[in-house]
Amino acid sequence: MKIGVLVNEGPFTHQASDTAYHFVKAAIEKGHDVLRVFFYYDGVNNANKLSEPQADDRNLVKLWGDLAKEHNLDLVVCIAAALRRGIKDEILAEGFRISGLGQLIEVGIAADRTVMFGD
Amino acid sequence: MKIGVLVNEGPFTHQASDTAYHFVKAAIEKGHDVLRVFFYYDGVNNANKLSEPQADDRNLVKLWGDLAKEHNLDLVVCIAAALRRGIKDEILAEGFRISGLGQLIEVGIAADRTVMFGD
Amino acid sequence: MSEEPDLHFDTEGIKKKFMFLNRKAPYGTVYALEILEMVLISAAFEQHACITFVDDGVYQIVKGHDTKALNMKNFSPMYGVIEMEKEDADGDEDEDMVWRIIVEKESMEARGLTADNFSIDVEVLSSAELADVIEDMDVVLGG
Amino acid sequence: MSEEPDLHFDTEGIKKKFMFLNRKAPYGTVYALEILEMVLISAAFEQHACITFVDDGVYQIVKGHDTKALNMKNFSPMYGVIEMEKEDADGDEDEDMVWRIIVEKESMEARGLTADNFSIDVEVLSSAELADVIEDMDVVLGG
Amino acid sequence: MLHMMNKSPFERNSLDSMIRLSKKGSPVLLLEDGVYAATKGTTVADQVTAMVGDHAVYVLGPDLQARAIGEDRLLDGVTVVDYGGFVDLVVEHGTTQSWL
Amino acid sequence: MLHMMNKSPFERNSLDSMIRLSKKGSPVLLLEDGVYAATKGTTVADQVTAMVGDHAVYVLGPDLQARAIGEDRLLDGVTVVDYGGFVDLVVEHGTTQSWL
């Protein structure tokens, strides 16, 4: 089944990005086709490559990037939300790309299911 | 009177930083001594110099920096919270400095009033 | 193993029912503004859309916002743009595209508001009626 | 016009009453963890401290957290460190420094919990008693 | 339609909104801080028990474990799922709505 | 002590917590989305009217204007202040506590 995902919050402050990550991983393991993960609102902060968690904590920026690499996953950061919040090419983590908000509507149309994670 | 301020949220998603800014500005105008503004939790995102709001919206990163410059205001970003969230020297906006969480406790001791703004 | 992901999907001829569900008050958080941007972008895709206000979301469309003292962007005129998009959808006979602007009656009344307080024309539905509409959607987005 | 701001204030000999007020559940948001870091740093300043749990904050000290499946840091052992800091403060006769760990009874009971559910020793106070304690503080921090 | 709710019922109005605006028979998944709604002995237990009568109610296991909620503390009629079960619910029940 | 509350009383439990954990006589400032608590005709109006009996209640004017709440829509006994008035309240009333 084709699945689209929307992530509304950054790593650390809210659990939304963690839950989305586990959901996407489980969906891929079950053989579903995750068409795109779209990062909006503070969700764009998931793409900040400077993020450096404590050694004994998870690193969601890297986890998302690794998942994208391994499974050819499309991680899209909303350009309008990102500009406001200072997420730009110079600090964009590997595996993410910046694009327009239309890419969210597009995946909502193309996917069989769209699932939102936020605060 | 000596005042310390704690800002818990970033610009844009929550109003906390806006309210803190207006409060600090009004306190200075009334002749009070704002000893320090401490940015913790997602508040560290107020110091991201890459932030570029829409032309018709306010730019809190710049507003804080300008206020600091004009009034010799100490804007301190918590190093632990900032590292996690990828706020580092290379993207630190003018007027802010990065330091330890002890600087929050210190201002709580030194100030007559400590006021917290958050979500 | 990885090839480039598809940057675009073929959405030609697919028409889905989108709901944009507004549950937060304006200005205290930015969700209201950023959902508006979502709605306006969606117009280009010619999908069905229900722009819906429940809980504190009903405060978003109260008329008379004045944000000068806050120095924040007053985004309430954008609701007028949505109303115009809806009128376009209603008026275009070539387009099978339905836009609705809905307020939940219970949320409105709990806050001491009536439809006269709003800056745009809305359909007022009961919780039960709105639950039926939600259940009929293909995609529900919000924040 | 601007000179450098003071990077350090002279806090020597000043002892204030700090409250660290925990009102959020753990893991759903990061506030619990980052307030803990605040409390631990404050120990170095030898201030009075009330570490207080109300509303969903009472869930922070329930024993038995296991975050392996979430792949998140399990920070609950840090509450034990706070308990040790409190014991140090209690035991040190040279130091006039009072630490208290307080749970609001009403918040605990509303969630079906008793003090037996907690991983650390706490004082259980009623809302009215806690309101008196809060009123007596010099600085209240939280998140 | 699958309704998802990730907020503590003591902190937010999300549980109330979901109950008011979901149709009888639609399944409900409680996750993140929303799992506290499914515990026994709380001030919302009666409300959630009534919800269990109208909806199949699922709760995310990893969130229970993190919060030290044993299955003995769950209200009757609530079913625990893992992330794989979460995916299955999404696949089986059509459109999803997240009550944030 | 000055109690500050910035959350909508319909969305969060912050108003309830503040009322439960503040002492009679301590002043209260409603700001940001908290200003909705001070409006007439809502489901919390009786609760807030009772609070006005026990506390001096202030509300931040710039937040009222942004949200289009005219003074005629405010509950009786509530006093509007601007940011300068906010500073004065902080200065006059000792320790502050923010009910977020």
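Residues numbered from 1 in each chain as written. Chains lettered and ligands numbered in written order. Predicted model: local features only at pLDDT ≥ 70, side-chain atom pairs only at ≥ 80, totals over all residues. Heavy atoms only, no water.

Details of the environment of F:Tyr58
Residue and element names in this part refer to chain F.
At step 1: Counting through the fold element by element, Tyr58 comes out in strand β3 (residues 57-60).
At step 2: For the pair Tyr58 and Glu11, spaced 47 residues apart in sequence, the C-alpha separation works out to 20 Å.
At step 3: If we skip the residues at most four places from it in the chain, Tyr58 touches Pro27, Val28, Leu29, Leu30, Thr79, Val81 and Leu89. (Helix = DSSP H or I, 4+ residues; strand = E, 2+ residues; numbered from the N terminus. Contact = heavy atoms within 4.5 Å.)

So, the interface of chain D and chain B
At step 1: Between chain D and chain B, the contact holds 29 residues from the first and 31 residues from the second.
At step 2: Roughly 2600 Å² of surface becomes buried between chain D and chain B when both sides are summed, with 60% attributable to carbon and sulfur atoms.
At step 3: If you sort the residues of chain D by the area they bury against chain B, D:Phe9, D:Tyr31 and D:Glu34 come out on top, with a joint share of 24%.
At step 4: Here chain D is connected to chain B by 3 salt bridges.
At step 5: Linking D:Glu34 and B:Arg85 is a salt bridge whose minimum nitrogen-to-oxygen distance equals 2.9 Å.
At step 6: Across the contact surface, chain D and chain B share 13 residue pairs in polar contact (both at pLDDT 80 or more).
At step 7: Residue assignment for the side of chain D that touches chain B shows that the elements contributing at least two residues are β1 (17-22), α1 (31-43) and β5 (139-142) of chain D.
At step 8: Element by element, the count of residues in the side of chain D that touches chain B is highest for α1(D), at 7 residues. (Buried area = accessible area lost by both parts, 1.4 Å probe. Salt bridge = Lys/Arg side-chain N within 4 Å of Asp/Glu carboxyl O. Polar contact = N/O pair within 3.5 Å; in protein donor to acceptor, adjacent residues only side chain to side chain.)

Structural notes on empty space enclosed by the protein
At step 1: The full count for this structure, using the stated rule, is 13 cavities of 30 Å³ or more.
At step 2: Reported here for the largest cavity is a volume of approximately 120 Å³.
At step 3: Residue lining of the largest cavity: 18 residues in total, with B:Asp119, C:Thr29, F:Lys7, F:Glu11 and F:Asp33 positioned closest to the centre.
At step 4: Residues that form the lining of the largest cavity fall into these classes: 3 nonpolar, 6 polar and 9 charged. (1 Å grid on protein atoms, 1.4 Å probe; cavity = no way out; pocket = protein on both sides within 12 Å on 5 of 7 lines; lining within 4 Å. Points joined across faces, edges and corners; volume = space filled by probe spheres on them. Nonpolar A, V, L, I, M, F, W, Y, C, P; charged D, E, K, R; others polar.)

As for unusual backbone geometry
At step 1: One non-glycine residue, B:Asn72, lies in the positive phi region at around 55 degrees.
At step 2: Examined against the element boundaries, B:Asn72 turns out to sit in the loop between α2 (60-71) and β3 (75-78).
At step 3: Located in the positive-phi region is E:Ala68, a residue other than glycine, with phi close to 60 degrees.
At step 4: When you line up the elements, E:Ala68 lands in the loop between α3 (61-66) and β4 (78-81).

Considering the packing of helix α1 (residues 16-29) of chain A against helix α4 (residues 83-92) of chain E
At step 1: Contact pair α1(A) / α4(E): the axes reach a minimum separation of 8 Å and the direction vectors enclose 75 degrees. On the basis of their axis angle, the class for α1(A) and α4(E) is roughly perpendicular. Contacts from A:Thr19, A:His22, A:Phe23, A:Ala26 and A:Ala27 in α1(A) reach E:Tyr83, E:Gly84, E:Phe86, E:Val87 and E:Val90 in α4(E).
At step 2: When grouped by side-chain class, the residues that make up the contact of α1(A) with α4(E) number 7 nonpolar, 3 polar and no charged. (Axes fitted to C-alpha atoms, helices over the stretch in contact; angles between N-to-C directions. Parallel < 35°, antiparallel > 145°, perpendicular 65-115°, else oblique.)

Examining the sheet that holds strand β1 (residues 2-7) of chain A
Residues and elements named next belong to chain A.
At step 1: Across the sheet, 5 strands lie side by side as β4-β3-β2-β1-β5; this open sheet has parallel pairing. Pairing within the sheet leaves two strands with one partner each, and these edge strands are β4 (96-99) and β5 (113-117). Neighbour to neighbour, the strand axes of the sheet diverge by 25 degrees on average, direction disregarded.
At step 2: Relative to strand β3 (residues 75-78), strand β2 (residues 33-39) runs parallel, the two being bridged by 3 bridges. Bridging across to β3, Phe38 finds its partner in Val76. (Pairing = 2+ DSSP bridges.)

Details of α2(B)
All names here are of chain B.
At step 1: Spanning 12 residues, α2 covers 16 Å between terminal C-alpha atoms, matching the ideal 16 Å at 1.5 Å per step.
At step 2: For α2, the secondary structure elements touched by its buried residues are β1 (2-7), α1 (16-29), β2 (33-39), β3 and β4 (96-99).
At step 3: Where α2 begins, the capping side chain belongs to Asn59, and its oxygen is found 3.2 Å from the backbone nitrogen of Val61.
At step 4: Asn72 occupies a position one or two residues after α2 and carries a positive phi of about 55 degrees. (Expected span 1.5 Å × (residues − 1).)

Here we look at the interface of chain A and chain C
At step 1: Facing the 31 residues of chain A at the interface are 29 residues of chain C.
At step 2: Its largest share of buried area at the contact with chain C, chain A owes to A:Tyr41, A:Ile105 and A:Ile109, together 27% of the area lost on that side.
At step 3: Put simply, chain A and chain C have 3 salt bridges between them.
At step 4: Taken together, the connections running from chain A to chain C amount to 13 residue pairs in polar contact (both at pLDDT 80 or more).

Brief notes about the sheet that holds β3(F)
Remark on secondary structure: sheet strands pair via backbone hydrogen bonds, oriented parallel or antiparallel.
Residue and element names in this part refer to chain F.
At step 1: If you walk across this open sheet you meet the 5 strands as β4-β3-β2-β1-β5, and the pairing is parallel. Across the chains shown, the open sheet's two edge strands, defined by having one partner strand only, are β4 (78-81) and β5 (96-99). Across this sheet, the average inter-strand angle for adjacent strands is 25 degrees, counted without regard to direction.
At step 2: Of the pairings in the sheet, the one linking strand β2 (residues 28-30) to β3 comprises 3 bridges and is parallel in character. What sits directly across from Val28, in β3, is Val57.

Digging into the pairing of strand β5 (residues 139-142) of chain C
Residues and elements named next belong to chain C.
At step 1: Side-chain alternation along β5 places Val139 and Leu141 on one buried face and Val140 and Gly142 on a second face that is also buried.
At step 2: Alignment of strand β1 (residues 17-22) against β5, held across 4 bridges, turns out to be parallel. Across the sheet, Met19 pairs through a bridge with Val140, a residue of β5. (Buried < 20%, exposed > 50% of the residue type's maximum accessible area, 1.4 Å probe, protein only.)

Focus: the pairing of β3(F)
Residues and elements named next belong to chain F.
At step 1: Taking every second residue as pointing to the same face, both faces of β3 are buried, with Val57 and Val59 on one and Tyr58 and Leu60 on the other.
At step 2: After leaving β2, the chain enters helix α2 (residues 45-54) and then returns to the sheet as β3, a path that is right-handed.
At step 3: By the bridge criterion, 4 bridges tie β3 to β4 in an arrangement that is parallel. Counted as the bridge partner of Leu60 is Val81 from β4. (Right-handed = clockwise from strand over helix to strand, strands pointing away.)

Keep in mind these numbers describe shape, not what the thing actually does.
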